[in-house]
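Structural features, examined
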Amino acid sequence: MLAGTATLLAIALYLCSRFTQQARLRRTPFTVWRDVSLATAAAALALYLWGCLHVFFLDDQDQSEECELQRPEGVPRLVGLRGDFIPLRLVCEASSGRDYSVIIPGYINPSIAVLLLLALACALVSALLHHKQRTTTRKKG
């Protein structure tokens, strides 16, 4: 949690620095795509941390109560809990072998996946534009 928060703050500070007058004058298409890629990766990290906070502030007793409250019909008793970090979830293990997830909102993992795919696409566009700019510069010089 601390490393993720520090990373998110560092990315946010860097992106804010990109709005200065000097940075705007040196702006190129590949730097804009790079910054968009960083912004979407930061949004994915923020969502991941938001999901972690849902589990972080609950003690074992509260987590067990959530499992009991959200236990589906036909599932016998709870035998354990486990947390998975990828995908982010808190899994309630039932004696029948049927597991179910609780606490983490359902929109967290799909949103993170979409944001990370978007960040990857923007990074690829940025790399292609940077490569194109470098090869054009070499041909001229």
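Residues numbered from 1 in each chain as written. Predicted model: local features only at pLDDT ≥ 70, side-chain atom pairs only at ≥ 80, totals over all residues. Heavy atoms only, no water.

We now examine the sheet that holds strand β3 (residues 99–102). Across the sheet, which stays open at both edges, the three strands sit in the order β1-β2-β3 with antiparallel pairing between neighbours. Strands at the two margins of the open sheet, each flanked by one partner only, are β1 (78–85) and β3. Across the sheet, the mean angle from the axis of one strand to that of its neighbour is 30°, orientation sign disregarded. Relative to β3, strand β2 (residues 88–94) runs antiparallel, the two sharing four bridges. Bridge pairing links leucine 90 to valine 102 in β3. Running over the sheet, helix α4 (residues 60–69) touches β1, β2 and β3 and is turned about 110° from β1. (Pairing = 2+ DSSP bridges. Helix = DSSP H or I, 4+ residues; strand = E, 2+ residues; numbered from the N terminus. Axes fitted to C-alpha atoms, helices over the stretch in contact; angles between N-to-C directions. Contact = heavy atoms within 4.5 Å.)

That bond from isoleucine 86 to proline 87 is cis: its omega, -10°, falls within 30 degrees of zero. Topologically, proline 87 is positioned in the loop between β1 and β2. Unusually for a residue other than glycine, isoleucine 103 sits at a positive phi of about 70°. In this fold, isoleucine 103 is placed in the loop between β3 and α5 (108–140). Judged by its relative accessible area of 15%, isoleucine 103 is buried. (Buried < 20%, exposed > 50% of the residue type's maximum accessible area, 1.4 Å probe, protein only.)

All right, on to helix α1 (residues 2–17) then. With 16 residues, α1 extends 23 Å between its outermost C-alpha atoms, agreeing within 8% with the 22 Å of an ideal straight helix rising 1.5 Å per residue. Of the positions making up α1, those classed as buried are Gly4, Ile11 and Leu15. The arc that holds every buried residue of α1, seen down its axis, measures 35°, which confines them to one face. With respect to the buried face of α1, the exposed residues turned more than 90 degrees away are Leu2, Leu9, Leu13 and Cys16. Packing partners of the buried residues in α1 comprise α3 (29–56). (Expected span 1.5 Å × (residues − 1). Arc of directions from axis to C-beta.)

Considering all chains together, one arrives at one disulfide under this definition. A disulfide-free cysteine, cysteine 52 has its sulfur positioned 17 Å from the sulfur of cysteine 92, the nearest such atom. Taking relative accessible area as the criterion, cysteine 52 reaches 12% and is therefore assigned buried. The thiol sulfur of cysteine 122 is not disulfide-bonded, and the nearest other cysteine sulfur, from cysteine 16, lies at 18 Å. (Disulfide = S-S within 2.5 Å.)

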